[in-house]
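Structural characterization, general
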Amino acid sequence: MTAPAVGFDLDMTLIDTRPGIAAAFRALTAATGVHVDTDLVVSRLGPPLATELRNWFPADKLDEAVRLYRSLYPEYAITRSRPLPGAVEAIAELRAAGLRSMVVTAKHGPLARLHLEHLGIRVDELVGDLFAAEKATALTEHGAELYVGDHVADMLAAQTAGIPALGVTTGSHGADELRAAGADLVVADLTGFPQALRRLVRLAL
């Protein structure tokens, strides 16, 4: 039998990508002349790239802006990003328990993989380019029994997949917002993951 899996969001759940994303957007501004308020951008990470770029680029320039940003991202964003507290240990905890780990993220898959490889975070599955309820398909396909995220849309993903949701307040949403969106349990960061996993095991596994 395949071992059960726990799914994680990436940005602001496992990794603090704010410095790298800000640097990539500054490079995009330099390349295009279009000003982007990077403080505002990094305060609301979660939705797909195109959703954010629509705030700064007209519709007829959007596809090119996406391509250009993604071409700049490896140089400017990867080395500036860091694991969030408890993230590396949470993945190790799952492996020690004989469980699988997966990342399901709105970030472009190849860029998400660069982050994980650079930081030495090894997961069993990675699925990119999915947001909110779209994530449920990947969670179900890969046998996830719990989903961990910092965004209200991550709570929706877990609900849609019919699995428990663990919220972390390392992103832009507080505990009350995450609970209102469907979180079964909320922790400050992933240093609380082992205890949270034990509390949720009767629901998740």
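These figures come from a predicted structure and were not determined experimentally.

Regarding the pattern of salt bridges
This structure, assessed with the given rule, holds eight salt bridges. Linking Lys-135 and Asp-154 is a salt bridge whose minimum nitrogen-to-oxygen distance equals 2.8 Å. Of the two residues, Lys-135 sits in helix H7 (residues 135-141) while Asp-154 sits in helix H8 (residues 152-161), which places them 19 residues apart along the sequence. In the salt-bridge network here, residues are joined through shared partners; they are Asp-9, Lys-135 and Asp-154.

Things to note about the pairing of strand E6 (residues 144-149)
Among the six residues in E6, five count as buried, and that is most of the element. One ladder, built from four bridges, connects strand E1 (residues 5-8) with E6; its direction is parallel. Following the sheet pairing, Phe-8 is matched in E6 by Val-148. In terms of strand pairing, E6 meets strand E7 (residues 165-168) through three bridges, oriented parallel. Residue Gly-149 lies in a different strand from E7, and its bridge partner there is Gly-167. Viewed along the sheet, the connection from E6 through H8 into E7 turns out right-handed.

The rules behind these values
- Residues numbered from 1 in each chain as written.
- Predicted model: local features only at pLDDT ≥ 70, side-chain atom pairs only at ≥ 80, totals over all residues.
- Heavy atoms only, no water.
- Salt bridge = Lys/Arg side-chain N within 4 Å of Asp/Glu carboxyl O.
- Helix = DSSP H or I, 4+ residues; strand = E, 2+ residues; numbered from the N terminus.
- Buried < 20%, exposed > 50% of the residue type's maximum accessible area, 1.4 Å probe, protein only.
- Pairing = 2+ DSSP bridges.
- Right-handed = clockwise from strand over helix to strand, strands pointing away.

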